[in-house]
Amino acid sequence: MAYWWANQKQTYRLEHAEGYLWAPVVDKKGRPNRHWDLLEEVEPGDLIFSYVNAELCKLAVAKTKAMPADRPQGRSFKPWAQEGRRIEATYKELPQRVSNGVLRTKMGSLLKAPGLDRPLTRLGGGRQSYFFRLSPGAGRKLLSLAGLE
């Protein structure tokens, strides 16, 4: 099982309501994006933390591997290309939401693991990227902070 982090500010409502995560294959200029490409590495059973409005609020359990899928209908997806990847997921409310302040004070070094991109900026805000791999230690610590064992 692997742990992931999704910054879902714009797309959260629709993705959560319909039970999936989606990312385009290429950007407006036809270039791939490594944060979107990470969806290809998700396996069924992997855990994905949803970061929305400066806090972790949901935990998604991947039900499928990434599969080709057209851009979802909805205003929040209009800026992206038509061709994309989709992971079916079951979202669950975290028993305890984890705020930015807690993330900065309790997770600092774990979210800066060597070789991994940081889901938060140095000031603690969400980065302008969608999907991040977490180290096993970071994933377990986030589960603990959220009241899950």
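For the structure, see preceding data.
Residues numbered from 1 in each chain as written. Predicted model: local features only at pLDDT ≥ 70, side-chain atom pairs only at ≥ 80, totals over all residues. Heavy atoms only, no water.

1. Things to note about unusual backbone geometry
Let me state the cut-off plainly: Runs of H or I in DSSP of at least four residues are treated as helices and runs of E of at least two as strands, each being numbered from the N terminus. The buried label applies to any residue whose accessible area, calculated with a 1.4 Å probe on protein chains only, is under 20% of its type's maximum; exposed applies above 50%, and partly exposed to all values in between.
The backbone of N53 shows a phi angle near 50°, a positive value even though the residue is not glycine. Mapped onto the secondary structure, N53 falls in the loop between β3 (47-52) and β4 (55-62). Taking the relative accessible area as the measure of exposure, N53 reaches 59% and is therefore exposed. If you check the backbone angles, A54 has positive phi at about 65° while not being a glycine. Structurally, the position occupied by A54 is in the loop between β3 and β4. On the basis of relative accessibility, which here comes to 35%, the residue A54 falls in the partly exposed class.

2. Side note on the pattern of salt bridges
Once the charged atoms of two side chains with opposite charge are near each other, the side chains can pair. Heads up, the condition is: A carboxyl oxygen of Asp or Glu within 4 Å of a side-chain nitrogen of Lys or Arg is what we treat as a salt bridge.
This model, assessed by the stated rule, comprises nine salt bridges. We note a salt bridge from D37 to R85, for which the minimum N-O separation is 3.0 Å. Placement of the pair is D37 in helix α2 (residues 34-37) and R85 in strand β6 (residues 83-99), with a sequence separation of 48 residues. Taking the relative accessible area as the measure of exposure, D37 reaches 27% and is therefore partly exposed. Among the ionic pairs, R97 bridges to E55, the shortest N-O distance being 2.5 Å. Taken together, the residues span a long stretch of sequence, with R97 in strand β6 and E55 in strand β4 at a distance of 42 residues. Taking the relative accessible area as the measure of exposure, R97 reaches 44% and is therefore partly exposed.

No statement about biological role is implied by the geometric values presented.
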